[in-house]
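Coordinate analysis (summary)
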Amino acid sequence: MAKSQDSKHKQKENEARLLESQARLSEAQRIAHIGNWEMDLNTKEMYWSDEAYRIFDLEPQQQQIFYKMFLDTIHPEDRDFVDQTLAGSAMARKPFDFMHRLETTGGKTRHVSLQGEHLLDESDKPIRTIGTIQDITKQVMVRQVLEKSERRYRLLAENSSDVIWTMDLEGNYTYVSPSIERLSGYNPQEIMNHPMGASLTPESLETAKKVLADFIQAYRQGESFDLPDRYELEQICKDGTVIWVEISIDPITDGQKNLQGILGVSRDITRRVQLGEQLRQSQRLEAVGRLAGGVAHDFNNLLMVVQSSVGFALEAVPEKSELRDDLLDIQTAGKRAKNLTRQLLAFSRRQLLQPKVLDLNTLVGSMNKMLSLIGEDIDLEIIPGRNIGKVRVDPGQIEQVIMNLAVNARDAMPTGGCLTIETSDVEIYESSAEKNVDLEPGHYVMIAVSDNGTGMDPETCSRVFDPFFTTKEVGKGTGLGLSTTHGILKQSGGDISVDSRLGKGTTFTIYLPRLKPDTIATKPSKLPSEPPAGGEEVILVVEDDEAVRNLTVRILERQGGYSVLQADGLAQALKVSDQSEERIDLLLTDVVMPGASGREVAEILSDIHSGLKVLFMSGYNDDDILRHGLSAEKIAFIQKPFNSNSLCSVVREILDAQDDVDEV
């Protein structure tokens, strides 16, 4: 009796343990969203665990399940796949493991994973299938979001003009976006197969190594990043050219924020660097130009005294005097100094211009004889364009430009060659950057000066217009010829470009603004005439430089025969004019003087002396004249240094003029 009770007690304990184990299994399945199932392959009847029912949105044990009912719950697009996969694995006596979609009774679509195998009878025939079903909807959705994000990232990386790359902590590339090929010519695999140094110049490689080391150290030590967020490197392209790239980097970390690598972005900034260098070059040229303009005034005053004094001395020295040769040497040196000053002013775009409406075919044609003298072994060919437009330029300056280019061409053909000068009308478009000129879109007249000489390399071409840059031997050139040419053309509203190849020759192309037909004046120009030797008029000279003032007075009195009054500024000029018993016919005044400018002197004296004619003189450039309220195109003006003949000619012309010079 006791044994029977013990047996019943143990049976109840075992049943309780079984129920407890089943409950724990059911709870584990619920938490993991994993159900188990079985299917009789003969009757097609299925057994589902509670969690399997819940996956299908059914109440546990709600109804008896058969295989057809199971197939009906599967997503229509996956139904044949599931049926064939289960049947195929049974025939092959192999386990199965696959995913599919199902549609629950609540109208939801879920992703599930099926795993299982088939039980065989003694004759090796499949009689039962057992398996698990797991709801993996959340995992699939997360994976789809990640895949979508990865596709977006890859689309961005592959189509961005910037290059996106990753690198390990040893400096080896682990990923490079396809845009690297547009940037450097290398494909991503070529970059990843080579160390970082293979694509950087030696100087940039050292910079990159230091930045990488500092970045890693700062991150690991938890220091705040005071490193620059961007830096510039020189990168070597596949064809050997060097470009500038801007690099920005960020850390790649794991879940514990441990540094695993570097994420970087490279951007081509070559054009920006070039523009910056052009700006700095322009600023340097501007500074030299301001210096040249400042020096010109005092230097021209000194030159005028030297040249005029030498001229007076030569008149007094007999032809056979031993001093005459010395004086002639001084005179020659003075002329060279004058030309050098003119070159400095021209290069700085501040030389006084006397523009006229010209046909460049006529101008170039008139230079034919002079150009043919540059060398007996040089064949000159002039190709005039048909019906080209007219330009408004200083003819003397443009002649100087063409002669400079012709002489350079001769020097580039030491054993002889062909010099070609061609003119034509051209149009500059906004997209004409290939012409390498800084011009507004519009119509221009072009002069191309070409030779078939030695040519120049790209580095030399980039510097040909720099002041004092020359490839000639010491003493053979000042380095101002092409910078002067560039300055003259820019001041005239044009520009110049160069195209050259070593051993292939050089072409300099000049562009000058073409005038519209309706803007060309039809007023006939005056024919030059010999000025009278002098006159009896009264002239007031106002000049703050005593040496220049005394010399000017001497010229006007000695060669012109005029009565001359003099003053060093406004105050003395008012005093002298007030004391003069004679009518003052002409005021000759310097433009830039301490106290009152030449314009102020002219305005005040013109109010006092009705009909007073004015001639301005200055060693400064036209920009300085305009800053003092004058326009060199509308007033009577003479540029220092001048000689006695030119001064007397201008003075006589103004005195004889019928008031056709604009009033001050």
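Structure: see above.
This structure is a prediction, so every number in the text was calculated from the model and none was measured.

We now examine the pattern of salt bridges. For the structure shown, the criterion picks out 23 salt bridges. In this structure, Glu-246 and Arg-230 form a salt bridge, with 3.6 Å as the shortest nitrogen-oxygen distance. Of the two residues, Glu-246 is situated in strand β10 (residues 242-253) and Arg-230 in the loop between α8 (202-220) and β9 (231-236); the sequence distance between them amounts to 16 residues. Note that Arg-272 and Glu-232 form a salt bridge whose closest N and O atoms lie 3.4 Å from each other. Taken together, the residues Arg-272 in helix α9 (residues 270-316) and Glu-232 in strand β9 connect sequence positions 40 residues apart. You can call Arg-272 partly exposed: its relative accessible area is 44%.

To continue, consider the packing of aromatic side chains. Inspection of the entire model under this criterion finds eight aromatic pairs. Between Trp-48 and Phe-56, the aromatic rings sit 4.4 Å apart at their centres with planes inclined by 15°, giving stacked as the arrangement. Since its relative accessible area comes to 3%, Trp-48 is described here as buried. When the ring of Phe-56 is compared with that of Phe-70, the centres are 6.2 Å apart and the planes differ by 70°; the resulting orientation is edge-to-face. With a gap of 14 residues between them, Phe-56 in the loop between α2 (50-55) and β3 (65-66) and Phe-70 in helix α3 (residues 67-73) connect regions that are remote in the sequence. Looking at Phe-70, the relative accessible area reads 5%, which means it is buried. Ring pairs connect the aromatic residues Trp-48, Tyr-53, Phe-56, Tyr-67 and Phe-70, which therefore count as one cluster. Taking NZ or CZ as reference, Lys-44 lies 5.3 Å from the ring centre of Tyr-67, over its face.

This paragraph deals with a negative patch on the surface. A cluster of like negative charges, contributed by Glu-322, Asp-325, Asp-326 and Asp-329, occupies part of the molecular surface. Of note, Asp-326 is situated in helix α10 (residues 322-347).

For Ser-113, the position within the fold is in strand β5 (residues 109-120). According to the relative accessible area criterion, Ser-113 is buried, its value standing at 12%. Through-space distance from the C-alpha of Ser-113 to that of Thr-137 is 9.5 Å; in sequence the pair is 24 residues apart. Discounting chain neighbours no more than four positions away, the residues touching Ser-113 are Asp-97, Phe-98, Met-99, Thr-132, Ile-133, Gln-134 and Ile-136.

This part is about helix α20 (residues 644-656). Counting along an α-helix, one turn takes 3.6 residues, and residues three or four places apart therefore face a common direction. Across its 13 residues, α20 extends 18 Å between first and last C-alpha, which sits within 8% of the 18 Å expected from 1.5 Å per residue. Among the residues of α20, those classed as buried are Ser-644, Leu-647, Cys-648, Val-651, Arg-652, Ile-654 and Leu-655. Considered in projection along α20, the buried side chains sweep an arc of 165° and stay on one side of the axis.

Ordered in space as β20-β19-β21-β22-β23, the five strands form an open sheet in which the pairing is parallel. Pairing within the sheet leaves two strands with one partner each, and these edge strands are β20 (563-567) and β23 (637-639). The sheet shows a mean angle of 20° between the axes of neighbouring strands, taken without regard to direction. Relative to β20, strand β19 (residues 538-542) runs parallel, the two being bridged by five bridges. Of the residues in β20, the one forming a bridge with Val-538 is Ser-563. In the packing of helix α17 (residues 570-579) onto the sheet, the strands contacted are β19 and β20, and the crossing angle to β20 comes to about 145°. On top of the sheet, α20 reaches β19, β21 (586-590), β22 (613-618) and β23; it is set at about 155° to β22, its chief contact.

Moving on, we get to α17. The complete set of buried residues in α17 reads Ala-573, Val-576 and Ser-577. Buried residues in α17, looked at end-on, bunch into an arc of 95°, giving them a common side. Of the exposed residues in α17, those oriented more than 90 degrees away from the buried face are Ala-571, Lys-575, Asp-578 and Gln-579. Looking at the buried side of α17, the elements it contacts are β19, β20 and α18 (598-608).

Moving on: the environment of Gly-442. Relative to the helices and strands, Gly-442 is located in strand β16 (residues 442-451). Along the chain, Gly-442 and Pro-513 lie 71 residues apart, while their C-alpha atoms are 8.0 Å from each other.

Let us look at the pairing of β10. Strand residues, when the strand is regular, have side chains that alternate between the two faces of the sheet. The sheet contact formed by β9 and β10 spans six bridges and is antiparallel. Looking across to β10, one finds that Leu-233 is bridged to Val-245. Adjacent in sequence and paired antiparallel, β9 and β10 are bridged by five residues, among which Gly-240 carries a positive phi angle near 95°. As paired strands, β10 and strand β11 (residues 259-268) are joined by nine bridges and run antiparallel to one another. Following the sheet pairing, Ile-247 is matched in β11 by Ser-266. Counting the residues between successive antiparallel strands, the hairpin from β10 to β11 contains five residues, one of them, Lys-257, with a positive phi of roughly 65°.

Thresholds applied
- Residues numbered from 1 in each chain as written.
- Predicted model: local features only at pLDDT ≥ 70, side-chain atom pairs only at ≥ 80, totals over all residues.
- Heavy atoms only, no water.
- Salt bridge = Lys/Arg side-chain N within 4 Å of Asp/Glu carboxyl O.
- Helix = DSSP H or I, 4+ residues; strand = E, 2+ residues; numbered from the N terminus.
- Buried < 20%, exposed > 50% of the residue type's maximum accessible area, 1.4 Å probe, protein only.
- Phe/Tyr/Trp six-rings, centres within 6.5 Å; stacked < 30°, edge-to-face > 60°.
- Lys NZ or Arg CZ within 6 Å of the ring centre and 35° of its normal.
- Patch = residues over 30% accessible without salt bridge, like charges linked within 9 Å, V, L, I, M, F, W, Y side chains within 5 Å.
- Areas by Shrake-Rupley, 256 points an atom, 1.4 Å probe, with all protein chains shown as cover.
- Lys, Arg positive; Asp, Glu negative; His and termini not counted.
- Charge placed at Lys NZ, Arg CZ, Asp CG, Glu CD.
- Contact = heavy atoms within 4.5 Å.
- Expected span 1.5 Å × (residues − 1).
- Arc of directions from axis to C-beta.
- Pairing = 2+ DSSP bridges.
- Axes fitted to C-alpha atoms, helices over the stretch in contact; angles between N-to-C directions.

What is shown is where atoms sit, not what they do.
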